[in-house]
Amino acid sequence: MTDLKAMLSGGGDILLLPGQLYTGGACRGKMGVLVRKGRYHDIDDAATLVARYPEIEPIHLPDHLLMPGFIDSHTHLTQSFGKSLVFGEPSEIFRRIWVPLESSMDERMVHLSGKLAALECLRGGFTTAVDAGTRSDGCIHALAQAARETGLRTVIGFICNDRGGAANIPERDAILDRARAHLDDWQDDPLIHPSLAISIPEVASDDMLHDVSQMAGQAGAIFQTHVNEHLVAVERSLVARGQRPIEHLAAIGALGPHALLAHSTLITPGELNLLRDSGAAVAYNPVASLWKGNAIAPALQMEALGVRFGLGTDGTRADGFRLMDAGESLQRAGTGLATGDSSCGGGWLWLEAATSRAADCAGLSKVTGAVQEGLAADFLLVDLDRPEFTPSHDLVWELVRYGNRDQIDAVFTEGRLRIWQGWPVDWDARALMAEIRDVADKAIAGAGIQRIHPVSADHKSRCADRDL
Ligand SMILES: [Zn+2]
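Residues numbered from 1 in each chain as written. Predicted model: local features only at pLDDT ≥ 70, side-chain atom pairs only at ≥ 80, totals over all residues. Heavy atoms only, no water.

Caption draft 1: Inspection of the sheet that holds strand S6 (residues 70-75) at higher detail. As summarised here, the arrangement of the eight strands in space is S6-S7-S8-S9-S10-S11-S12-S13, forming an open sheet in which the pairing is parallel. The two strands at the open ends of the sheet, each matched to only one other strand, are S6 and strand S13 (308-311). This sheet shows a mean twist of 25° between the axes of neighbouring strands, independent of strand direction. For strand S9 (residues 192-197) and strand S10 (residues 223-227), the ladder comprises two bridges, and the chain directions are parallel. Residue pairing in the sheet places Ala197 in a bridge with Gln224 of S10. (Pairing = 2+ DSSP bridges. Helix = DSSP H or I, 4+ residues; strand = E, 2+ residues; numbered from the N terminus. Axes fitted to C-alpha atoms, helices over the stretch in contact; angles between N-to-C directions.)

Caption draft 2: Layout of the coordination of the zinc ion. Taken together, the protein donors to the zinc ion comprise His74 (NE2), His76 (NE2), His226 (NE2) and Asp314 (OD), at separations of 2.1 to 2.2 Å. Coordination geometry of the zinc ion: the four donor atoms subtend angles of 88 to 172° at the metal centre, consistent with an arrangement described as irregular. All donors of the zinc ion come from a single chain, and their spacing in sequence reads H-x1-H-x149-H-x87-D. Of this pair, His76 sits in the loop between S6 and helix H3 (93-103) while His226 sits in strand S10; the two residues are 150 residues apart in sequence, bridging distant segments of the chain. The same class applies to His76 and to His226, which are both buried. (Donors = N, O, S within 2.8 Å, 3.2 Å for Na, K, Ca; no water. Tetrahedral: all angles 85-135°; square planar, octahedral: opposite > 155°, others 65-115°. Buried < 20%, exposed > 50% of the residue type's maximum accessible area, 1.4 Å probe, protein only.)

Caption draft 3: Layout of the packing of helix H4 (residues 107-123) against helix H5 (residues 140-150). Here H4 crosses H5 at 35°, and the two axes come no closer than 8 Å. Considering how the two elements wind past one another, H4 and H5 form a crossing that is right-handed. Taking contact as the criterion, the partners of Glu107, Val110, His111, Gly114, Lys115, Ala118, Leu119 and Leu122 in H4 are, on H5, Ala142, Leu143, Gln145, Ala146, Glu149 and Thr150. Broken down by class, the residue content of the contact of H4 with H5 amounts to seven nonpolar, four polar and three charged. (Left-handed = near helix turned anticlockwise from the far one by under 90°. Contact = heavy atoms within 4.5 Å. Nonpolar A, V, L, I, M, F, W, Y, C, P; charged D, E, K, R; others polar.)

Caption draft 4: Just the layout of surface pockets, in detail. Taken as a whole, the largest pocket holds about 900 Å³ of empty space. Lining the largest pocket we find 49 residues, and of these His76, Gln79, Trp98, Lys292 and Asp314 sit closest to its centre. Residue assignment for the lining of the largest pocket shows that the elements contributing at least two residues are S6, H3, H4, S10, helix H8 (231-241), helix H9 (245-251) and helix H11 (286-292). Among the elements that line the lining of the largest pocket, the one with the most residues is H8, at five residues. Taken together, the residues that form the lining of the largest pocket break down as 17 nonpolar, 17 polar and 15 charged. Empty space within the second largest pocket amounts to approximately 320 Å³. Asp137, Gly138, Phe158, Ile159 and Arg178 are, among the 22 residues lining the second largest pocket, the residues nearest its centre. Put simply, the parts of the chain that give the lining of the second largest pocket at least two residues each are H5, strand S8 (153-159) and helix H6 (172-185). (1 Å grid on protein atoms, 1.4 Å probe; cavity = no way out; pocket = protein on both sides within 12 Å on 5 of 7 lines; lining within 4 Å. Points joined across faces, edges and corners; volume = space filled by probe spheres on them.)

Quick look at the structure:
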C-alpha cells in the first residue's frame, strides 16, 4: 500500500485502472481514467487506454472504486471550534453561538478554524465545500488560504448583510464595492470560487437582497441565504411583511437559478412552486435538521416537482457517506414510513445529490461533481475489499447505506493526492490540532457565547435530581 501511495503522489499524468468506476450514473468495471494537468483527460475501456498511452505506466487498483468526491453544498468553515457546543440547543443557535464566536475571531483564528474544517471535509470525502460566508470581518483571505493549503475546492460566500447578523455592517455602497471586488478576486484561482451571501433575508434590506442576488447571477456566481429553517424566523417574516421568507425573496426578484437556499424545510406547497418556477436550488441539510431544525426538507417532493437540490452538512459532521445515509433516512422517517415508500430515492438519488447535483447547486457543474472528460479530477479511491461490500449486489445503494469515511483510501483534488488513509500527504495535521487545542478554549471563553443546554454529564445529574 505504501508503494501505491508513492505511485499516486507522483506528478505528471496518472493512468488509473480501478476495479469499479462511477461515471454516467453507474458503477462500471474494466474502465480507466487518464488524469492530465489536474483534469480527466481521457476516460475509456481500460485496455483501450493502456494501448493509447503506452508511455504511461498504468496504476492497477482492482479493489478500488474511483468515484467523484462529495460536494458539501452548505457549510460554515469558520465554525469548527464550536463543535458540540450546539448539541441540545434550541433552534436559532446562530444568535447565541455562531455570531458571537465568528465575530470574535481574528485572522489567525479564522485560518486555524478554516484549516481544521477543510481537513475534516477532505477526510470525509468532500473535495468541495460551499461556505455560506464567514461572519468574521475581513478574514476571507485567511479562509481561502486555509482551503488552498489543504487542497479543498471551496466556494466562498461574501456576506452582504446591511441590517445585522455580522461582525461589522458597513454602508450599502461599501458593501456592494466589496462584493464586486470579491467576485473579481479569485478569477485565476483553480480552487476558490466566489459567491455572495446574505445570512437570512431579515438581516438585509429588500434593495440589498435584490441587488446582491442579481450581482452574483450576472457574474456567474451563486447567491446564498438561509430560509424557512425555524418557526420563529418564518413568523418574524410574516409579522414584518405578511410574507414567508421564500415568498418574500420571490416578490423582490431575489430568486433564480443562481440562488442556493439553505434548508427550505418549513416550506408550503406554494413556496415549492416558487422554487420550481424560479429554478432556485436548495441545500438539503438532513443532519442539521436532526440536530437543530424544526422540520425535514421535502426532498422527494422537490425531486418530483423538479426543484434542484444537493446535500449539505451545515457544518454538522463532515462524512459524505453518513450524510447520504441521513439524507435517505430522513425521507424514510418523514414520509416513506407513513406512505409505504420503501425506496425513497432508490439509493442513486442520494449519491447524485452528494456529487453531481450538489455541483450543479453550487454553480460548479462545468468544473467538478462527476468523473467526466474535461472536469477537474476531484475524486476518491474507495477500498471495496471490505466486509461491508462483500458480497456486493448493488454498489450504488451500498455506498449510501454501508459507506463510511474509513473506507476512503485516497482523496484527490485538481488531480493531486491530498489525503491518504485519512491524513494529509503534504502537511502536518497533528501539529495543526495541537495548536488549536492550545487556543480554542480561550477563544470560546472570550466569545460571549450563551449556551442553554448543559453538557451531557450535567444533564444526567439534573435528570437524576428530578427523578426523570
Ligand atoms: Zn448554515
